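Chain by chain, the residues run as shown.
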Amino acid sequence: MKKEDRQQKIEQLIKKNNIANQEGLLQALEDEGIHATQATVSRDIREMKIIKQTEPDGSSYYVLLKQDYSDPKQRIKETISDIVTDVTNVQFVNVVKTTPRNANVLAALIDDDELSGIVGTLAGYDTVVLFSPDNESAQKVTRYFVENISK
């Protein structure tokens, strides 16, 4: 099966069903007669910008990260304004607090756009940890977030 066809089917499946993990996605594909390996599905998830959405009850499932902005930098600024509540700089690390269940959205946007001064992210329920190569870069990231947090 062509990659484009498989990815289209994956998109349909995650829009229609609450699929919680790669095993569930592999099984859903299998149920549709599509044979894929875990490595292939993992690549598809990354390429398609699929993230996990967490519900108030703690359950999570795959959703497509919406790509409705032509300017990713603007999307990040607006997302920071909408969901970031605080940022704390500790040496080469920034700890960013978000509204509940939104840390993974912010981390995915940052990872996708490769925001300057950030070499990696780690997201939880309402916190994103941003790693910078050095203290100076981390301080620039802090300023960027502070400038874009909605007051």
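Residues numbered from 1 in each chain as written. Predicted model: local features only at pLDDT ≥ 70, side-chain atom pairs only at ≥ 80, totals over all residues. Heavy atoms only, no water.

Visitor: For this particular structure, what's the right way to read the sheet that holds strand E6 (residues 127–131)?
Guide: As a general point, the strands of a sheet are linked pairwise by backbone hydrogen bonds and lie either parallel or antiparallel. Strand order in the open sheet formed by 4 strands is E3-E4-E6-E5, and the pairing between neighbours is antiparallel. Every other strand in the sheet has two partners, leaving strand E3 (84–90) and strand E5 (120–123) as the edge strands with one partner each. The average angle at which neighbouring strand axes cross in this sheet is 20°, direction not considered. Where E3 and strand E4 (residues 93–98) come together, 6 bridges link them in antiparallel fashion. In the strand pairing of E4, Asp86 is matched with Lys97. Against the sheet, helix H4 (residues 72–83) contacts E3 and E4, and its axis sits at roughly 105° relative to E3. Packed on one face of the sheet, helix H6 (residues 135–148) meets E3, E4 and E6 and runs near 160° to E3. (Pairing = 2+ DSSP bridges. Helix = DSSP H or I, 4+ residues; strand = E, 2+ residues; numbered from the N terminus. Axes fitted to C-alpha atoms, helices over the stretch in contact; angles between N-to-C directions. Contact = heavy atoms within 4.5 Å.)

Visitor: I would appreciate a short explanation of the layout of surface pockets in the present structure.
Guide: In this approach, a probe sized like a water molecule rolls over the atoms, and the result shows the empty space that is left. One number sums up the size of the largest pocket: a volume of about 330 Å³. Along the wall of the largest pocket there are 13 residues; nearest its centre are Arg46, Ile50, Ile51, Ala108 and Asp111. Of all elements in the fold, only helix H3 (38–47), strand E1 (50–54) and helix H5 (103–113) reach the threshold of two or more residues within the lining of the largest pocket. (1 Å grid on protein atoms, 1.4 Å probe; cavity = no way out; pocket = protein on both sides within 12 Å on 5 of 7 lines; lining within 4 Å. Points joined across faces, edges and corners; volume = space filled by probe spheres on them.)

Visitor: How do you make sense of the side chain of Arg6 when you look at a structure like this?
Guide: With respect to the helices, strands and loops of the structure, Arg6 is situated in helix H1 (residues 3–16). A relative accessible area of 11% means that Arg6 is categorised as buried. The contacts of Arg6, once residues within four sequence positions are left out, are Met1, Ile34, Ala36, Thr40 and Asp44. (Buried < 20%, exposed > 50% of the residue type's maximum accessible area, 1.4 Å probe, protein only.)

Visitor: Explanation requested: the packing of aromatic side chains in the structure shown.
Guide: For any pair of aromatic rings, the description consists of the separation of the ring centres together with the inter-plane angle of the planes. Using the criterion set out here, one finds 1 aromatic pair in the structure. Where Tyr144 meets Phe145, the ring centres are 6.1 Å apart and the plane angle is 80°; that geometry is what we call edge-to-face. Its relative accessible area of 0% is what places Phe145 among the buried residues. (Phe/Tyr/Trp six-rings, centres within 6.5 Å; stacked < 30°, edge-to-face > 60°.)

All quantities given are derived from atomic positions and should not be read as evidence of function.
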